[in-house]
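# Coordinates in review
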Amino acid sequence: MSQLVDFFIGRLSPEYIPTEPITLAAAIGLPIIALVVVGFITYTKRWKWLWQNWLTSVDAKKIGTMYMIVAVLMMLRGVSDALMMRLQTAVAVNGASGPFTSDTFQQVFTAHGTIMIFFVAMGLLFGLVNWILPLILGARDMAFPVMNSISLWLFVAGMMLINMSLVYGGFSNGGWLGYPPLTELEYNPGPGVDYWIWSLQIAGIGSLLSGINFFTTIIKQRAPGMTLWKMPIFSWSVLVTSVLIMLAFPILTVTLALLGLDRTLGMHFFTSDTGGNPMLYINLIWAWGHPEVYILVLPAFGVFSEVVATYSKKMLFGYRTMVWALVAIMFLSFIVWQHHFFTMGAGANVNAFFGIMTMVIAIPTGVKIFNWLFTMYRGRITFSAPMMWFMAFVVTFTIGGVSGVLMAVPALDFQVHNSMFLVAHFHNVIIGGVIFGFFAGITHWFPKIFGYKLHDTLGIWSAVLWQVGFIVAFIPLYILGLMGAVRRLDSYSDPTWQPLFITSAVGVLIICTGIAVLLLQLGYSFLKRKELKDTTGDPWDGRTLEWSVPSPAPHYNFAVIPTANHRDEWWYRKQHKLTKTPKSTFKDVWLPRSSGTGIIVGVLAGLAGFSIIWHLWWLLAICFISVIITVIRRTLNDDSEFQVSATELFHEVGKGR
Amino acid sequence: MKHSVARSLEKYDKAEFGFWLYLLTDIILFASLFATYMILRGNTASGESAAALFDPKYALLETVLLLTSSFTCGIAGLALRFKHKRMALGLLVTTLLLGLAFISLELNEFATLINEGQSWRTSAFLSGFFTLVGTHGLHIIIGLIWGAVMLAYIIKTGVTSDSLRKFTLFSLFWHFLDLVWIFIFTIVYLGASL
């Protein structure tokens, strides 16, 4: 009898209900928020609308918006984690206890890193690419719209799992990359690490599918006439990123699966006994992890290339060198991973090789920085919010890059390995590069998606507050790192460190005001959307094809697929007064139907993850079979599109712009 | 509303391109598993080594079955192209039966090893072995399900350009699994005695 009960409830048990006040508050708060949201939708009778217009939508622009919403919400959680950490280190000196226990603190830094990379940075990346990629290529949609929706819902499923750990079971305490043997069953028997593994595994498979989708879109769906060398640089950056995704994410899939097999089936890949090799894990995870940072930052580089050219009213300086720099970074990013663990003991020659390769990667990156500066040189620059984000980026990212080259020297790295110096370095490049880049991109393309501009002054204030907050928060960490403070520290005994830690906490608070202003900007612009309305479709005097359609972009993107003969096609047409589309060119359009496949697969994947974490094998089997049936039904469906006729389209467009 | 032929062609062109990309990612996945196996191969935790456990002749039989199934799969594609429906179906059934025989032999090998106390819990080397070969086996099982669906689809809709293109994707997958197996046969089974 008890065996039967065990079969059905797996290892679900009351002992995993959180008891600490802070986690308990989160455990009660999250379901309440969820209930309020559900209640609100039910009260306003929006379920049908939500299902038809959003949840089952395969329109890349809507999918992009949903990615963005998740990413911004997750950013709020990630930032609260950051705030908690710095509050702890501001007080926990010399035996004084901080607000958090060591175990909570470990979960907090693990959640912070995991959420910020996988659900904020990746979310903003996929959101922005979905918004813009088809438009900038002169295409109607992604190559595989339904697969795009599956990617989104796998991402959401991963996000749900990571947040569920807060409510029930607790999260991993193994750091954002979950190094074994600490994350093995022997030292971590609870469900926390399993939450981490399966949340990332599910989101990661979504990312892999996105990579395939983006690559196919760029290769197969460019506007006629747009050769690779005539593509806007943003699409080049996405092309390179999707190659990196396709080559790196399978390694993550394998690595997480192997750790999962160790934990669930008792295998010995990374255990400290029976022949396991933990360093193998660390090699594998960084063989994915290093390309991953370029997956994040290259599209941000692409955004800056568009932004700087547009707001300087100049053609991008050195287009070809920009492309070759991207490609060079793509190759180099695969041969530097060992610099994350020079201290492993691979020997002087191996360390020297990886150290030099790491320094070499600074060259193409430097080329890009100088090309942007040369684009600005003698341009007619408008200092609106996207440019302010760019300027914040140049300062922050360059400091981060230089400290990175410093750490590429193995001898020096032995000193600062796993110290606060490292923490400061990678925040320098990731906040400065990725986050500032995506904020610039969001501000720049916002009117194209929503039809109204974001309030500019508030945007500039947000950029300034972020920049100042960033310097105040992270420069002290460089100094602390050199003084010997290691990362992931929940208490310390040297009182001379405290002022620096307090300064850093103040910096985090300034960043929080920056985020508040950012949210204010979103809210205020929404209220003032009438005044900020973009009536022209081309508010910034843009250069590329997305600005040739009205704002917000119609669901079919282009009434007539444009021909692109120039790198800055729209700019060229404006210069030569070629902006009108004659009626005779209108043709029938095929568009994909909405599909529930994505959300169904997402729900099933989330349930499957949950059932592995809690050892509910019967549920796992049900999910597995249901996924197979869903996929088979989908692939056999040949009637997945609907038609909009040419006359319909012409009337919808009105004047035939 | 029915599709125009050109539109349908364009869709399959993309699908096939995307599928090649998927195969590429699968190659990276297997490459990672091969690397893992090679690194952990010697870590037998003072248990039996590869040379003592694996029988290359048994694996050769599996290889012959799988290679033949790849051959019949290819001919089935040709038969479909020339609209010989019955021949195509017959060859597809043969392919699936050969695949079924292959996976039965593999599962039998796994069962024998586990009965001898050589399970994936025994050592890192065996964890690597079961995971690498098992992942390939899992792919074969998915391929068998896919093949069965193809069979039902062709019986239902007949030889159309749609069924031909759907079959092309399936046969790409099946040949790909053959290719991966050749590496497993070489590295795991033939390499065992090296």
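This text goes with the structure placed above it.
Summarised in this report is the structure supplied together with it. (Residues numbered from 1 in each chain as written. Chains lettered and ligands numbered in written order. Predicted model: local features only at pLDDT ≥ 70, side-chain atom pairs only at ≥ 80, totals over all residues. Heavy atoms only, no water.)

### Overview of the overall build of chain A
Summing up its helical and strand segments, chain A has 21 helices and two strands in all. In terms of overall dimensions, chain A is globule-like: its C-alpha atoms have a radius of gyration of 25 Å, near the 26 Å expected for 657 residues. With respect to the principal axes defined by its C-alpha atoms, chain A has extents near 75 × 65 × 50 Å. Expressed as a percentage of its 657 residues, the buried residues of chain A come to 59%. Long-range contacts, defined as pairs at least 24 residues apart, comprise 84% of the intrachain contacts of chain A with a sequence gap of at least 6. Here chain A displays about 25400 Å² of accessible surface, and carbon together with sulfur accounts for 70% of that area. (Helix = DSSP H or I, 4+ residues; strand = E, 2+ residues; numbered from the N terminus. Rg over C-alpha atoms; globule rule 2.2 N^0.38 Å. Buried < 20%, exposed > 50% of the residue type's maximum accessible area, 1.4 Å probe, protein only. Contact = heavy atoms within 4.5 Å. Areas by Shrake-Rupley, 256 points an atom, 1.4 Å probe, with all protein chains shown as cover.)

### Some points on the pairing of strand E1 (residues 589-592) of chain A
All names here are of chain A. Neither face of E1 is open: one carries Val 589 and Leu 591, the other Trp 590 and Pro 592, and all of them are buried. Pairing between E1 and strand E2 (residues 641-644): four bridges, direction antiparallel. Looking at the pairing, Val 589 lines up with Val 644 of E2. (Pairing = 2+ DSSP bridges.)

### What to know about the interface of chain B and chain A
Between chain B and chain A, the contact holds 38 residues from the first and 38 residues from the second. Summed over the shared surface of chain B and chain A, the number is one salt bridge. Between Lys220(A) and Asp13(B) there is a salt bridge; the shortest N-O distance is 3.2 Å. For the pair chain B and chain A, the number of links is nine residue pairs in polar contact (both at pLDDT 80 or more). Mapped by element, the contributors of at least two residues to the side of chain B that touches chain A are helix H1 (5-40), helix H5 (124-157) and helix H6 (161-189) of chain B. Looking at the side of chain B that touches chain A element by element, the count peaks at 19 residues for H1(B). Across the side of chain B that touches chain A, the residue classes break down as 18 nonpolar, twelve polar and eight charged. (Salt bridge = Lys/Arg side-chain N within 4 Å of Asp/Glu carboxyl O. Polar contact = N/O pair within 3.5 Å; in protein donor to acceptor, adjacent residues only side chain to side chain. Nonpolar A, V, L, I, M, F, W, Y, C, P; charged D, E, K, R; others polar.)

### Digging into the environment of Thr535(A)
Inspection of the secondary structure assignment puts Thr535(A) in the loop between helix H17 (498-527) and helix H18 (569-575). It is 35 Å that separates the C-alpha atoms of Thr535(A) and Val395(A), two residues lying 140 residues apart in sequence.

### Some details on the environment of Arg488(A)
Residues and elements named next belong to chain A. In this fold, Arg 488 is placed in the loop between helix H16 (456-483) and H17. Sequence separation between Arg 488 and Thr 110 is 378 residues; the distance between their C-alpha atoms is 9.2 Å. Leaving out residues up to four positions away in the same chain, Arg 488 has contacts with Phe 105, Phe 109, Gly 175 and Trp 176.

### Quick word on helix H2 (residues 21-43) of chain A
All names here are of chain A. Look at H2: 32 Å from first C-alpha to last across 23 residues, which is about the 33 Å you get at 1.5 Å a residue. Buried within H2 we find Thr 23, Ala 27 and Ile 41. Buried residues along H2 sit against helix H3 (47-55) and helix H6 (145-167). Of the residues trailing H2, Lys 45 is marked for its positive phi of about 55 degrees. (Expected span 1.5 Å × (residues − 1).)

### What about the nonpolar core?
Grouped burial of nonpolar side chains is what soluble globular proteins tend to show. Membership of the largest hydrophobic core comes to 248 residues, with the highest contact counts inside it found for Trp288(A), Trp372(A), Phe393(A), Phe54(B), Phe129(B) and Tyr189(B). Per element, the largest residue contribution to this core is 21 residues, and it comes from helix H9 (residues 278-312) of chain A. Those residues in contact with Tyr189(B), other than ones at most four positions away along the chain, are Phe54(B), Pro56(B), Ala59(B), Glu62(B), Glu109(B), Phe129(B), Val133(B), Trp181(B) and Ile184(B). Formed by nine residues, the second largest nonpolar core is a distinct cluster that contains Phe586(A), Val589(A), Ala646(A) and Leu649(A). (Core = buried A, V, L, I, M, F, W, Y, C linked by side-chain atoms within 4.5 Å.)

### A short note on empty space enclosed by the protein
All names here are of chain A. Applying the stated rule across the entire model yields three cavities of 30 Å³ or more. Estimated volume of the largest cavity: approximately 120 Å³. Along the walls of the largest cavity sit Met 231, Pro 232, Ile 233, Ser 305, Glu 306, Ala 309, Met 315, Leu 316, Tyr 319, Arg 543, Arg 567 and Asp 568, which together make up its complete lining. At three residues, H9 tops the list of elements feeding residues into the lining of the largest cavity. Of the residues assigned to the lining of the largest cavity, the class counts are seven nonpolar, one polar and four charged. Here the second largest cavity is characterised by a volume of approximately 50 Å³. Among the secondary structure elements, those contributing two or more residues to the lining of the second largest cavity are helix H13 (385-407) and H16. Element by element, the count of residues in the lining of the second largest cavity is highest for H16, at four residues. Residue composition of the lining of the second largest cavity, by class: five nonpolar, three polar and no charged. (1 Å grid on protein atoms, 1.4 Å probe; cavity = no way out; pocket = protein on both sides within 12 Å on 5 of 7 lines; lining within 4 Å. Points joined across faces, edges and corners; volume = space filled by probe spheres on them.)

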